[in-house]
Amino acid sequence: MVNGLNKGIRKAEVGLQWDPSPTGQPPVDLDIVATTYVASDLYGTPAYAVHFDSRSPDGTIYLNRDSKDGKGFGWDEVMTLELDRLADRYARVVVGVVIQQRVAHRTFVNVLNPKLRIREGYAVLTEEDFGDVLGATAATVGEFTRDESGSWDFHPGIQGFEDDPATFTRTMGRARQS
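About the cut-offs
- Residues numbered from 1 in each chain as written.
- Predicted model: local features only at pLDDT ≥ 70, side-chain atom pairs only at ≥ 80, totals over all residues.
- Heavy atoms only, no water.
- Helix = DSSP H or I, 4+ residues; strand = E, 2+ residues; numbered from the N terminus.
- Rg over C-alpha atoms; globule rule 2.2 N^0.38 Å.
- Buried < 20%, exposed > 50% of the residue type's maximum accessible area, 1.4 Å probe, protein only.
- Areas by Shrake-Rupley, 256 points an atom, 1.4 Å probe, with all protein chains shown as cover.
- Lys, Arg positive; Asp, Glu negative; His and termini not counted.
- Charge placed at Lys NZ, Arg CZ, Asp CG, Glu CD.
- Pairing = 2+ DSSP bridges.
- Axes fitted to C-alpha atoms, helices over the stretch in contact; angles between N-to-C directions.
- Phe/Tyr/Trp six-rings, centres within 6.5 Å; stacked < 30°, edge-to-face > 60°.
- Lys NZ or Arg CZ within 6 Å of the ring centre and 35° of its normal.
- Salt bridge = Lys/Arg side-chain N within 4 Å of Asp/Glu carboxyl O.

Draft legend 1. The overall build of the protein chain, seen in detail. Of the regular secondary structure elements, the protein chain holds one helix and ten strands. The order of α-helices and β-strands along the protein chain, N terminus first, is β-β-β-β-β-β-β-β-β-β-α. Relative to the 2.2 N^0.38 estimate, which gives 16 Å for 178 residues, the radius of gyration of the protein chain is 16 Å and therefore close to what a compact globule would have. Seen through its principal axes, the protein chain has C-alpha atoms that stretch 55 × 30 × 30 Å. Looking at the protein chain as a whole, 47% of its 178 residues are labelled buried. Of the roughly 9,100 Å² of accessible surface on the protein chain, 48% is carried by carbon and sulfur atoms. Of the charged side chains in the protein chain, 19 are positive and 26 negative, and the gap between their average positions amounts to 4 Å.

Put into structure tokens, the structure is as follows:
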């Protein structure tokens, strides 16, 4: 039942943080990724992906802060999703995190104190420490879906992947495996 006063989620913020590598060790670089899907292809090819060197074509999804080593104060990476401004043809946005594999092969077990928070305003929608996907090189952490009334809802859930960053952005929106 849709409540006439409920406008759904309008604007969400994804925050990611982790501790820097110990002295003498190569830095760990985590990246937030968001992929969008049109209503006619909800689980197929993403319409576009937003990550460290891109933003959405219409400026509704963008990275506010990017860290290559986890040495920031507070949240090392922050992405904003202005869902209420997304064109009507978009009905799904999947959010994930990928570990860059430039220096050495790394999984979440190799990242010191990773934390993710997705919130709308001050309301926390989900928090994650990646403890359920320690052997993965990337993970989806949740998805936003638009219902028939145009209202956006959030569905948390972590799923690990063992893909390189380019493959991950192409496959992260496939139907979740149980």
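Continuing now.
Draft legend 2. Structural view of the sheet that holds strand 10 (residues 152-161). The sheet built from five strands is open, its strands ordered 3-2-6-9-10 with antiparallel pairing. Each of the sheet's edge strands pairs with one partner strand only, and the pair in question is strand 3 (48-50) and strand 10. Strand after strand, the sheet turns through a mean of 20° between neighbouring axes, direction not considered. For strand 2 (residues 30-38) and strand 3, the ladder comprises three bridges, and the chain directions are antiparallel. Bridge assignment links A34 to a residue of strand 3, and that residue is V50.

Draft legend 3. Main features of the packing of aromatic side chains. Inspection of every chain in the model, using the stated rule, returns four aromatic pairs. Taking 4.8 Å as the distance between ring centres and 50° as the angle between the ring planes, the aromatic pair formed by F144 and F154 counts as tilted. With F144 in strand 9 (residues 138-146) and F154 in strand 10, this pair connects stretches of sequence that are ten residues apart. F154 carries the same exposure label as F144, and that label is buried. Seen in terms of ring centroids, F161 and F168 are 5.1 Å apart; in terms of plane orientation they differ by 70°. Their pairing is edge-to-face. The exposure class assigned to F161 is buried, which follows from its relative accessible area of 13%. Given the relative accessible area of 0%, F168 is considered buried. In this structure, R92 is placed above the aromatic ring of Y37, and the distance from its NZ or CZ to the ring centre is 5.1 Å.

Draft legend 4. Layout of the pattern of salt bridges. Applying the stated criterion across every chain yields a total of seven salt bridges. E13 is the partner of R117 in a salt bridge, and the nearest nitrogen-oxygen pair spans 3.8 Å. Separated by 104 residues along the polypeptide, R117 in strand 7 (residues 112-120) and E13 in strand 1 (residues 12-19) bring together distant segments of the chain. According to the relative accessible area criterion, E13 is partly exposed, its value standing at 23%. Note that R92 and E143 form a salt bridge whose closest N and O atoms lie 2.8 Å from each other. Placement of the pair is R92 in strand 6 (residues 90-99) and E143 in strand 9, with a sequence separation of 51 residues. There is no split in this pair, since R92 and E143 are both buried. Connected via shared salt-bridge partners are E13, R117 and R119.

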